[in-house]
Amino acid sequence: MERKEIKCKSFFHPYNRKIWLVFILTLLIGIFIFPKLPEEIPVHFDVSGYADSYGSRWTIFLAPGINFAMIFLAESLRKIDPKSGTYKKFEPHYYNIHFIIALLMMGIQLMTIFYTFGYEINVSRIMPLMMGLLFIFLGNMMPKFKPNYFVGIKTSWTLASERVWYMTHRLAGKVWVIGGLFAVFLVFLPTRAIVRAFIIILAFLVLIPVLASLYFYQKYEK
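Residues numbered from 1 in each chain as written. Predicted model: local features only at pLDDT ≥ 70, side-chain atom pairs only at ≥ 80, totals over all residues. Heavy atoms only, no water.

### Remarks on the nonpolar core
Operational definition: In plain words, nonpolar cores are sets of buried Ala, Val, Leu, Ile, Met, Phe, Trp, Tyr and Cys residues tied together by side-chain atoms within 4.5 Å. Throughout this description, buried means an accessible area under 20% of the type-specific maximum (1.4 Å probe, protein chains only), exposed means over 50%, and partly exposed covers the range between. Runs of E in the DSSP output that reach at least two residues are strands. Runs of H or I that reach at least four are helices, and both are numbered from the N terminus. By definition in these notes, contact holds between two residues if any of their heavy atoms fall within 4.5 Å.
Of all hydrophobic cores here, the largest spans 39 residues; its most connected members are Y94, F145 and W176. Elements that contribute at least two residues to this core include exactly α2 (17-33), α3 (62-80), α4 (91-116), α5 (123-141), α7 (162-184) and α8 (191-220). Ranked by residue count, the leading element in this core is α4, at eight residues. If we ignore the near neighbours within four places in the chain, the residues touching F145 are F90, H93, I97, V151, G152, W165 and H169.

Laid out in structure tokens, this is it:
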């Protein structure tokens with residue numbers, strides 16, 4: 001009985017409440033709007049921001065479904081991580097990652113609803129804006145991440161050395177914030193150029209931290 005109570009508490013602790021709140025909001029939005037939706041709603045948009053693929057109106061519950069799954073994923077991953085002891089050192093930031101992704105899912109759900117009912121929204125500009133804000137948020141948190149196998153820049157070199165992990169994430173945080181700002185400013189570019197520019201930004205966000213981790217390892221650990 002005591003074990004079940006402890007397990008239950010792990011899913012409803014203070015850091016998790018914000019994610020539960022967003023899950024409930026997305027679920028209520030889905031329940032409220034479902035009867036008003038047509039049989040098919042947009043599930044994918046082309047580079048110009050127009051819907052090019054449709055699915056069942058039940059897909060409106062995809063956002064709350066993902067948010068609900070993330071609550072359990074957040075708890076499960078930290079428990080099976082070989083470095084599970086480090087999560088206590090950056091616990092608020094770990095759950096904030098899941099929270100901001102939950103907000104992103106709610107934004108996509110609302111965007112789909114507005115588009116379905118004929119509101120003029122430019123998806124090709126809104127998505128880079130949302131992703132740019134996500135990058136800025138993650139960039140600000142990265143220097144606070146502690147060594148683990150599920151969150152952050154996980155290369156052979158960062159996992160082999162705490163010093164390399166710290167230096168890589170300190171640099172990566174700055175790179176992601178700058179990349180996020182560039183992504184936000186993509187809204188001012190022509191629609192066709194947005195996709196190409198976003199891919200370039202994404203490549204830099206991945207490559208620079210990975211190469212930096214190799215550089216730091218060879219410089220300080222060899």
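### Overview of the packing of aromatic side chains
Here is the rule: The aromatic pairing rule takes the rings of Phe, Tyr and Trp, using the six-membered ring of Trp, and pairs them if the centres are within 6.5 Å, calling planes under 30 degrees apart stacked, those over 60 edge-to-face and the rest tilted. By definition, being over a ring means that NZ of Lys or CZ of Arg is both within 6 Å of the ring centre and within 35 degrees of the ring normal.
All told, the structure shown has 19 aromatic pairs when counted by the stated rule. Taken together, a centroid distance of 6.2 Å and an interplanar angle of 80° make the contact between F90 and Y94 edge-to-face. You'll find F90 and Y94 in the same group, each marked buried. Overall, F90 belongs to the buried group, its relative accessible area being 0%. Taken together, Y15, Y87, F90, Y94, Y95 and F145 form an aromatic cluster joined through their ring pairs. Above the ring of F99, the side-chain terminus of K18 is found at 4.8 Å from the ring centroid. Residue placement shows K36 over the ring face of F32; its charged tip is 4.1 Å from the ring centre.

### Thoughts on the environment of V22
Counting through the fold element by element, V22 comes out in helix α2. Aside from chain neighbours lying at most four places away, what touches V22 is N67, F99, A102, L103 and M106.

### Looking at the pattern of salt bridges
The test is simple: Counted as salt bridges are all cases of a side-chain nitrogen of Lys or Arg within 4 Å of a carboxyl oxygen of Asp or Glu.
In this structure the tally under the stated criterion is four salt bridges. The residue E75 makes a salt bridge to K79 at a minimum N-O spacing of 3.7 Å. Placement of the pair is E75 and K79 together in helix α3, with a separation of four residues, close to one helical turn. Here K79 falls in the exposed class, since its relative accessible area comes to 55%. Across the salt bridge formed by E91 and R78, the nearest N and O atoms sit 2.8 Å from each other. Of this pair, E91 sits in helix α4 while R78 sits in helix α3; the two residues are 13 residues apart in sequence, bridging distant segments of the chain. Take E91 and R78: they sit in the same class, and that class is buried.

### Focus: a nonpolar patch on the surface
Let me state the cut-off plainly: Patches here: salt-bridge-free residues with over 30% relative accessible area, like charges joined within 9 Å, nonpolar side chains (Val, Leu, Ile, Met, Phe, Trp, Tyr) joined within 5 Å. With residues, only the protein chains shown are counted as cover, and all accessible areas are computed by Shrake-Rupley using a 1.4 Å probe.
Judged by side-chain polarity, L110, F114, F117 and Y119 come together as a nonpolar surface patch covering roughly 390 Å² of accessible area. Following the sequence through the fold, L110 ends up in helix α4.

### Looking at the packing of α3 against α4
Working note: a packed helix pair is described by the angle between its axes plus the distance between those axes. Applicable threshold: For helices, the fitted axis covers only the stretch in contact; all axes are lines through C-alpha atoms, and the angles between them, taken along N-to-C directions, range from 0 to 180 degrees. If an angle is under 35 degrees, it is roughly parallel; if it is over 145, roughly antiparallel; if it lies from 65 to 115, roughly perpendicular; otherwise it is oblique. Crossing handedness is defined as follows: a turn of the near helix away from the far one that is anticlockwise and smaller than a right angle gives a left-handed crossing, while the clockwise case is right-handed. Amino acids outside the nonpolar list (Ala, Val, Leu, Ile, Met, Phe, Trp, Tyr, Cys, Pro) and the charged list (Asp, Glu, Lys, Arg) are all regarded as polar, and Gly is one of them.
Direction vectors running N to C along α3 and α4 enclose 165°, while the axes themselves pass 9 Å from each other. The angle between the axes of α3 and α4 places the two elements in the roughly antiparallel class. Judged by the sense of rotation from one axis to the other, the crossing of α3 with α4 is right-handed. Touching A63, P64, I66, N67, M70, L73, A74, E75, L77 and R78 of α3 are E91, Y94, Y95, H98, I101, A102, M105 and Q109, all from α4. The residue makeup of the contact of α3 with α4, split by class, is twelve nonpolar, three polar and three charged.

It is worth stressing that arrangement in space is one thing and function is another; only the former is reported here.
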